[in-house]
Amino acid sequence: MGAAEPDLYRDTWVRYLGYANEVGESFRPLVPVPVVWASYGVATAYVTADAIDKGRRAATAHAQDPAQATRVGVAVVDTFIWQSLASVAIPGITINRLCAASLALLGTLTRWPLPLRRWATTALGLATIPVIITPIDRTAPAPPSEPVNQGHHPPLPFSCRRTVDFLMDSSLRKLYGAPGEPPAPH
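Reference entry: report on the structure contained in this document. Because the structure is predicted, anything quoted here is derived from the model rather than measured. The residue count restarts for each chain, going from 1 along the sequence in the order it is written. Confidence filtering applies because this is a predicted model: local features only for residues at pLDDT of at least 70, side-chain atom pairs given and counted only at 80 or more, and all residues used for totals across whole chains, interfaces and linings. Side-chain calculation: all heavy atoms of the structure are included, whereas hydrogens and water are not.

1. Here's the deal with the overall build of the chain
Inclusion rule: The helix and strand labels rest on DSSP assignments: H or I over at least four residues marks a helix, E over at least two residues marks a strand, and numbering proceeds from the N terminus. Throughout this description, buried means an accessible area under 20% of the type-specific maximum (1.4 Å probe, protein chains only), exposed means over 50%, and partly exposed covers the range between. Any two residues whose heavy atoms approach within 4.5 Å at even a single point are treated as in contact.
Looking only at helices and strands, the chain features seven helices and zero strands. The N-to-C order of helical and strand elements in the chain reads α-α-α-α-α-α-α. The buried share of the chain, taken over its 186 residues, is 38%. Pairs at least 24 apart in sequence give 65% of the contacts found in the chain among residues at least 6 apart.

Encoded structure:
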């Protein structure tokens, strides 16, 4: 048996493209807003490419399965939702709010000139990126589809999965035969 094929989107430098929006948010005080939005475009392209890749892998893994189309679709949706949360939305909001708060606090608490406050805010945002990655990866809602995940995302206990029902219909869980009781209606 040969070695497992490396995951281009999780095991190589390409993974860092998912952090483009965090860098963009860090530089928000210094650059025009379209540059920040372009950074979100890069991160979203990464998420989309990763989702497509996981769909391709699911298609290969389930080539003889009569439910191949369903498994491929779920793999794509599963990856896209999780990556959108863990790589784009949660870190982007975190860095955005941190930088906005630090810029406001520096304006209130110091007499630094605006350019210096902007650079300090950008430096704080950039320094925060490596600090927030692991906690966000551990706390972002993990998709319940361990067969598709293949261990890439931390599994959550079934009771915690109820918090993401607004994102993933419980019928997707049934495709994987996840153990536990069905989600409580809201």
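2. Remarks on the nonpolar core
Let me state the cut-off plainly: We define a nonpolar core as any set of buried Ala, Val, Leu, Ile, Met, Phe, Trp, Tyr and Cys residues linked to one another through side-chain atoms lying within 4.5 Å.
Within the largest apolar cluster, eight residues are counted, these being Tyr 9, Val 14, Val 36, Tyr 40, Ala 43, Tyr 46, Val 47 and Val 88. Looking at this core element by element, the count peaks at five residues for helix H2 (residues 33-61). If sequence neighbours within four positions are ignored, Val 47 has contacts with Phe 80, Gln 83, Ser 84, Ser 87 and Val 88. Of all hydrophobic cores here, the second largest spans seven residues; its members include Ile 95, Ile 129, Ile 132 and Ile 133.

3. Some remarks on the packing of aromatic side chains
What counts, and what does not: What counts as a ring pair is set by centres within 6.5 Å for rings of Phe, Tyr and Trp (its six-membered ring), and what kind of pair is set by the plane angle: stacked under 30 degrees, edge-to-face over 60, tilted for all other angles.
Applying the stated criterion to the full structure yields three aromatic pairs. Look at Trp 37 and Tyr 40: their rings are 5.6 Å apart centre to centre, the planes differ by 40°, and that puts the pair in the tilted class. Of this pair, Trp 37 and Tyr 40 are both found in helix H2, three residues apart, which corresponds to roughly one turn of the helix.

4. What to know about the environment of Ala 49
With respect to the element layout, Ala 49 can be found in helix H2. Residue class for Ala 49 comes out partly exposed when judged on its relative accessible area of 24%. Measuring from C-alpha to C-alpha, the distance between Ala 49 and Tyr 9 comes to 8.1 Å, with 40 residues separating the pair along the chain.

5. Remarks on helix H3 (residues 68-109)
Applicable threshold: By this rule, a helix spans an expected 1.5 Å times one less than how many residues it contains. Take the seven residues that end at a residue and the seven that start at it, fit an axis to each, and the angle between those axes is the bend at that residue.
When the terminal C-alpha atoms of H3 are compared, their 59 Å separation across 42 residues agrees well with the 62 Å that a helix rising 1.5 Å per residue should span. Of all the bends in H3, the largest measures some 40° and sits at Leu 85.

6. Focus: the environment of Phe 27
Relative to the helices and strands, Phe 27 is located in the loop between helix H1 (20-26) and H2. Overall, Phe 27 belongs to the partly exposed group, its relative accessible area being 26%. The sequence separation of Phe 27 and Gly 125 amounts to 98 residues, and the corresponding C-alpha distance is 7.9 Å. Aside from chain neighbours lying at most four places away, what touches Phe 27 is Trp 119, Thr 122 and Leu 126.

7. What about the pattern of salt bridges?
Let me state the cut-off plainly: A pairing counts as a salt bridge when a side-chain nitrogen of Lys or Arg comes within 4 Å of a carboxyl oxygen of Asp or Glu.
In the structure shown here, the tally under the stated rule is seven salt bridges. Of the charged contacts in the structure, one is a salt bridge between Glu 25 and Arg 28, with a shortest N-O distance of 2.8 Å. Judged by its relative accessible area of 3%, Glu 25 is buried. Put simply, Asp 50 and Lys 54 hold a salt bridge, and the shortest N to O gap is 2.3 Å. On the criterion of helical spacing, the pair formed by Asp 50 and Lys 54 is a turn pair, its members being four residues apart in helix H2. Of the two residues examined, Asp 50 and Lys 54, each falls in the buried class. Members of the salt-bridge network, linked through shared partners, are Asp 7, Arg 10, Asp 50, Asp 53, Lys 54, Arg 56 and Arg 57.

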